[in-house]
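Fold and contact review
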Amino acid sequence: MQVLNLRIMEALEIRFGKAVRRLREKRGISQEDFASRADIHRTYISSVERGKVQVSIAIAERIALALEIPLSKLFKETEKAE
């Protein structure tokens, strides 16, 4: 059961990262500029976009604000990402 939960969590992190990257690129924002807007280090943003880190709600909110979208939209986009 625990292995299944880890796989689901990894999939969620990857989907979240894909959604962030897609939304950032759609807006034509470089990763460097995006990191600055979100007040998050660029290497951490890179890790987020690659699905390598678990993002806290506070960081997710900063990402959504930097994308100029509601947090709920970011989560909806995460559900769409495959």
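Below: a short report on this structure. Worth saying up front: this structure is predicted, and the values here are computed from it rather than measured.

1. Focus: the overall build of the chain
- Assigned secondary structure in the chain consists of five helices and zero strands.
- For the chain, the sequential pattern of α-helices and β-strands runs α-α-α-α-α.
- The burial tally for the chain puts 37% of its 82 residues in the buried class.
- For the chain, the proportion of contacts with a sequence separation of at least 24, taken over those separated by at least 6, is 56%.

2. Brief notes about the layout of surface pockets
- A volume near 190 Å³ is recorded for the largest pocket.
- Taken together, twelve residues line the largest pocket, and the ones lying closest to its centre are Leu12, Glu13, Phe16, Gln54 and Val55.
- Contributions of two or more residues to the lining of the largest pocket are made by α1 (2-26), α4 (57-67) and α5 (71-80).
- Of the residues forming the lining of the largest pocket, the biggest block, four residues, is contributed by α1.

3. Comments concerning the packing of helix α2 (residues 31-38) against α4
- Contact pair α2 / α4: the axes reach a minimum separation of 8 Å and the direction vectors enclose 115°. Every pair of crossing elements has a handedness; the one defined by α2 and α4 is right-handed. Contacts from Phe34, Arg37 and Ala38 in α2 reach Arg62, Ile63, Ala66 and Leu67 in α4.
- Tallied by class, residues from the contact of α2 with α4 come to five nonpolar, no polar and two charged.

4. Some points on the nonpolar core
- Judged by nonpolar contacts, the single largest core of 18 residues is most densely connected at Phe16, Val20, Phe34, Ile63, Leu67 and Leu74.
- For this core, the element with the highest residue contribution is α4, accounting for six residues.

5. A look at the pattern of salt bridges
- Counted according to the given criterion, the structure contains seven salt bridges.
- A salt bridge links Glu32 to Arg42; its shortest N-O distance comes to 3.9 Å. Here Glu32, found in helix α2, pairs with Arg42, found in helix α3 (residues 42-49); they are ten residues apart in sequence, far enough to count as distant.
- Classification of Glu32 by relative accessible area gives exposed; the value is 53%.
- The class for Arg42 is partly exposed, based on a relative accessible area of 31%.
- Note that Glu77 is salt-bridged to Lys80, the shortest N-O span being 3.2 Å. Here Lys80 and Glu77 lie together in helix α5, a separation of three residues that amounts to about one turn.

6. What about α2?
- Taken residue by residue, α2 has Gln31, Phe34, Ala35 and Ala38 as its buried positions. One side of α2 carries all its buried residues, which in axial view fall inside an arc of 100°. Opposite the buried face of α2, at more than 90 degrees from it, the exposed residues are Glu32 and Ser36.

The rules behind each value
Residues numbered from 1 in each chain as written. Predicted model: local features only at pLDDT ≥ 70, side-chain atom pairs only at ≥ 80, totals over all residues. Heavy atoms only, no water. Helix = DSSP H or I, 4+ residues; strand = E, 2+ residues; numbered from the N terminus. Buried < 20%, exposed > 50% of the residue type's maximum accessible area, 1.4 Å probe, protein only. Contact = heavy atoms within 4.5 Å. 1 Å grid on protein atoms, 1.4 Å probe; cavity = no way out; pocket = protein on both sides within 12 Å on 5 of 7 lines; lining within 4 Å. Points joined across faces, edges and corners; volume = space filled by probe spheres on them. Axes fitted to C-alpha atoms, helices over the stretch in contact; angles between N-to-C directions. Left-handed = near helix turned anticlockwise from the far one by under 90°. Nonpolar A, V, L, I, M, F, W, Y, C, P; charged D, E, K, R; others polar. Core = buried A, V, L, I, M, F, W, Y, C linked by side-chain atoms within 4.5 Å. Salt bridge = Lys/Arg side-chain N within 4 Å of Asp/Glu carboxyl O. Arc of directions from axis to C-beta.

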